[in-house]
Amino acid sequence: MKKIYLAPIKGITDRIYREIFGASFSGIELAVAPFITNSVSEKKINDVSPAGNINLKTIPQILTGIPEDFIALGKRLADSGSDRLNWNLGCPFRKVLDRNEGAAILTSPQRIEQFLEKVFRIELPLISVKMRLGRYSSDEIFKVLEIMNNYPIDQIIIHARTAEQMYNGEINLSFFNEALKISKHPVIYNGDITHKTDINNLNSKTSDVSGWMAGRGILMNPFLAEEITVDKIIPDNEKISRIRTFTDKLFEAYCNELDSPAHILDKIKGVWTYLVFSFENGNKIIKKIKKAKSINHYKDEIKRIFDSELIIITPVSRLYK
């Protein structure tokens, strides 16, 4: 069975989430953390260090187009114990693209070559890359991969969409397969894995990949990696009990570590925005949760929700409807 990785979801899969998730569910080999930049605080460095990620091994991700900044941050992360780094070439958000970072760099193969030439002159932890097929066009990846073939990159994670698509529109498996043929490095597939059948479907439609990365699919169904790797049916009552324990522990951790009720509620509501896809009438559940204006209001609402007749459902596949 190929390894399953947890994708970085900004605002959700932070250290607290990863630690509680790793203690509550199985099947995930490691996580890539949401990106950090060279101006990050020491607390953020500690949040992605091995000492702060006991339950789920985590690779720090760096967002920058400046090799000197990557090197400086990479050294800080190495000093904190990290043995792997990930370079973000996939972020599709407008603020990042406007700074000519993330997926914006995919339009400049020469810039990527200059970046890698400087970075790989320095002794750093293993470096992987997370990228899109391109910013505007899916064929932008081909020249980039030809350049990357000349450098000792650990592995390449490819989200099989362009940045322009964001997280909408169809996955482009034909261009992904062409990219697999070009790359001399191990490739991890990323994009729209929301159901265990997606793995079999992707296996039948792609060349050999080294592993799978899922993000929103795991946030919607935290049992997804278990269902794929163990291939067993988890009883609905067990799922409900484990989700309740997970969210209770997560909320308690947020209360202990975050500085204001508003921040705590924003974080836990963000988690539930995805998690309600595991329940029938999830739209009604999230409306009730979002109405919570205080810590006690949230606790009361959650108790009422779990004391009701909850019905578990499995989020449907987005790849092959």
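Each value, and the rule that gives it
Residues numbered from 1 in each chain as written. Predicted model: local features only at pLDDT ≥ 70, side-chain atom pairs only at ≥ 80, totals over all residues. Heavy atoms only, no water. Patch = residues over 30% accessible without salt bridge, like charges linked within 9 Å, V, L, I, M, F, W, Y side chains within 5 Å. Areas by Shrake-Rupley, 256 points an atom, 1.4 Å probe, with all protein chains shown as cover. Salt bridge = Lys/Arg side-chain N within 4 Å of Asp/Glu carboxyl O. Lys, Arg positive; Asp, Glu negative; His and termini not counted. Charge placed at Lys NZ, Arg CZ, Asp CG, Glu CD. Helix = DSSP H or I, 4+ residues; strand = E, 2+ residues; numbered from the N terminus. Buried < 20%, exposed > 50% of the residue type's maximum accessible area, 1.4 Å probe, protein only. Expected span 1.5 Å × (residues − 1). Contact = heavy atoms within 4.5 Å. Pairing = 2+ DSSP bridges. Right-handed = clockwise from strand over helix to strand, strands pointing away. Axes fitted to C-alpha atoms, helices over the stretch in contact; angles between N-to-C directions. Parallel < 35°, antiparallel > 145°, perpendicular 65-115°, else oblique. Left-handed = near helix turned anticlockwise from the far one by under 90°. Nonpolar A, V, L, I, M, F, W, Y, C, P; charged D, E, K, R; others polar.

## What about a positive patch on the surface?
Residues Lys284, Lys287, Lys288 and Lys291 make up a contiguous surface patch of positive charge. One can find lysine 287 in helix H13 (residues 282-290). Residue class for lysine 287 comes out exposed when judged on its relative accessible area of 55%.

## Description of the side chain of threonine 247
Structurally, threonine 247 can be placed in helix H11 (residues 236-257). Accessibility expressed as a relative area gives 0% for threonine 247, which makes it buried.

## Regarding helix H3 (residues 67-79)
The terminal C-alpha atoms of H3 lie 18 Å apart, and with 13 residues this matches the ideal 18 Å at 1.5 Å per residue to within 8%. Looking at H3, one finds that the buried residues are Pro67, Phe70, Ile71, Leu73, Gly74 and Leu77. Against the buried residues of H3 lie helix H2 (42-47), strand E4 (61-62), strand E5 (84-89), helix H5 (109-119) and strand E6 (126-134). Of the residues one or two after H3, glycine 81 is the one with positive phi, at around 110°.

## As for the pattern of salt bridges
Enumeration according to the criterion identifies 20 salt bridges in this entry. A salt bridge links glutamate 257 to arginine 15; the nearest nitrogen and oxygen atoms lie 2.3 Å apart. Taken together, the residues glutamate 257 in helix H11 and arginine 15 in helix H1 (residues 15-24) connect sequence positions 242 residues apart. Judged by its relative accessible area of 18%, arginine 15 falls in the buried class. One salt bridge connects aspartate 83 with lysine 57, and the closest N-O pair in it is separated by 3.4 Å. Taken together, the residues span a long stretch of sequence, with aspartate 83 in the loop between H3 and E5 and lysine 57 in the loop between H2 and strand E3 (58-59) at a distance of 26 residues. Given a relative accessible area of 44%, aspartate 83 falls into the partly exposed group. When its relative accessible area of 39% is taken as the criterion, lysine 57 is described as partly exposed. Each of Arg15, Lys43, Asp47 and Glu257 takes part in salt bridges that share partners, so that together they form one network.

## Observations concerning unusual backbone geometry
Positive phi, close to 60°, is recorded for aspartate 192, a residue that is not glycine. For aspartate 192, the location among the structural elements is in the loop between strand E8 (187-190) and helix H8 (197-205). Judged by relative accessible area, which is 13%, aspartate 192 ranks as buried.

## Brief notes about the pairing of strand E1 (residues 3-6)
Two strands pair when backbone bridges link them, and E1 and strand E9 (residues 211-214) are joined in this way by 4 bridges, in the parallel orientation. Paired with leucine 6 across the bridge in E9 is alanine 214. Taken together, the 2 bridges between E1 and strand E2 (residues 30-32) define a ladder with parallel strand orientation. Paired with leucine 6 across the two strands is alanine 31, which belongs to E2. On the question of chirality, the crossover connecting E1 to the parallel E2 by way of H1 is right-handed.

## Structural notes on the environment of phenylalanine 251
The topology assignment puts phenylalanine 251 in helix H11. Sequence-wise, phenylalanine 251 and asparagine 283 are 32 residues apart; in three dimensions their C-alpha atoms are separated by 21 Å.

## Description of the environment of isoleucine 156
The topology assignment puts isoleucine 156 in strand E7 (residues 156-162). Using a relative accessible area of 0% as the deciding quantity, one classes isoleucine 156 as buried. Not counting residues up to four positions away in its chain, the partners in contact with isoleucine 156 are Val129, Met131, Leu145, Met148, Ser183, His185, Pro186, Val187 and Ile188.

## As for the sheet that holds E9
In space, the 9 strands of this open sheet follow the order E3-E2-E1-E9-E8-E7-E6-E5-E4, with parallel pairing throughout. Where the open sheet ends on each side, the last strands, each with one partner, are E3 and E4. Here 3 bridges tie E8 to E9, and the two strands are oriented parallel to one another. If you follow asparagine 190 over to E9, its bridge partner there is methionine 213. Set on the sheet, helix H6 (residues 140-148) makes contact with E5, E6 and E7; between it and E6 the angle comes to about 160°.

## Looking at the packing of H6 against helix H7 (residues 173-182)
Interaxial distance between H6 and H7 falls to 10 Å at its minimum, and their mutual angle equals 15°. One element, H6, and the other, H7, form an angle in the roughly parallel class. Like other packed secondary-structure pairs, H6 and H7 cross with a definite hand, here right-handed. Facing H6, whose interface residues are Ile141, Phe142, Leu145 and Glu146, H7 presents Phe175, Glu178, Ala179 and Ile182. Grouping the constituent residues of the contact of H6 with H7 by class yields 6 nonpolar, no polar and 2 charged.

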